[in-house]
Amino acid sequence: YEQGEVENSIRIWPHLAPGEGHFIARLRKDPEGEISSISGNLSTAQSNTQMILEYQDFFSTTIRHNHNTNHIAPESGQLQTIGNQIFWLPPEGPSLSGLNVLRWGFLLGSSRGGGFIPSSSLAASVTPEDTQKVIEFSISDPLLVSYMRGSPIPSPKGAKTFTGWVLISVAGYSLGWGKV
């Protein structure tokens, strides 16, 4: 056991005690006990209107507006840009002041070269029914292996009319994005 560098904490090292190792810290609730708005703590991050417009264009042409996607809709008021990335932030959360936060929320995607690039986490969070354009592969399709390797693939017969970003899925499970 080692007294932690952080006040009221301890580290239990796996080579010195049974188990996988642990870090324990005693936390105290703010005396006022109020939950603050997480977006109120991001005053240093300014929303980039151009990036939000790029995401809005992506959303309107790729995602279906339904009960599963309302929270990530551009008009939800819960989007924040940080650098070249767009995040969805939960409406309420603890104060982040004084913390070095690596990831502010749920990454929707990034903006590069004047366009929105959706994240793989966004693809994993939506279903084929939540999107307007889907390319469905069978598990035995050789094009699926090419897609998984990151190689360009020809558009399948049913996708000839698609343009822009499409959701790639197998047996109803979302894999990622493709651009036609």
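Everything below is about the structure shown above.
Parameters and conventions
Residues numbered from 1 in each chain as written. Predicted model: local features only at pLDDT ≥ 70, side-chain atom pairs only at ≥ 80, totals over all residues. Heavy atoms only, no water. Pairing = 2+ DSSP bridges. Helix = DSSP H or I, 4+ residues; strand = E, 2+ residues; numbered from the N terminus. Axes fitted to C-alpha atoms, helices over the stretch in contact; angles between N-to-C directions. Core = buried A, V, L, I, M, F, W, Y, C linked by side-chain atoms within 4.5 Å. Buried < 20%, exposed > 50% of the residue type's maximum accessible area, 1.4 Å probe, protein only. Contact = heavy atoms within 4.5 Å. Polar contact = N/O pair within 3.5 Å; in protein donor to acceptor, adjacent residues only side chain to side chain.

**Re the sheet that holds strand β4 (residues 79-82)**
Next up, step 1: Across the sheet, which stays open at both edges, the 4 strands sit in the order β4-β5-β6-β7 with antiparallel pairing between neighbours. Among the strands making up the open sheet, the edge pair consists of β4 and β7 (115-118). Neighbour-to-neighbour, the strand axes of the sheet open up by a mean angle of 30°, direction not taken into account.
Next up, step 2: In this sheet, strand β5 (residues 85-88) lies alongside β4 in antiparallel orientation, the contact comprising 4 bridges.

**Things to note about the nonpolar core**
Next up, step 1: Residues Tyr55, Phe58, Ile86, Leu108 and Trp177 are the most contacted members of the largest nonpolar core, which totals 19 residues.
Next up, step 2: For this core, the secondary-structure elements that each account for two or more residues are α1 (49-62), β5, α2 (120-125) and β9 (165-170).
Next up, step 3: At 5 residues, α1 tops the list of elements feeding residues into this core.
Next up, step 4: The contacts of Phe58, once residues within four sequence positions are left out, are Ile63, Phe116, Pro118, Leu122, Trp165 and Trp177.
Next up, step 5: If you look at the next biggest cluster of nonpolar residues, it comprises 8 residues, including Phe162, Val166, Ile168 and Val170.

**Structural notes on the side chain of Thr131**
Next up, step 1: Note that Thr131 resides in the loop between α2 and β8 (134-137).
Next up, step 2: Overall, Thr131 belongs to the buried group, its relative accessible area being 1%.
Next up, step 3: Of the polar contacts made by the side chain of Thr131, one reaches the backbone oxygen of Pro128; its length is 3.0 Å.
Next up, step 4: Filtering out sequence-adjacent residues up to four positions away, Thr131 remains in contact with Thr62, Ile63, Arg64, Val126, Leu167 and Trp177.

In short, shape yes, function no, at least from these values alone.
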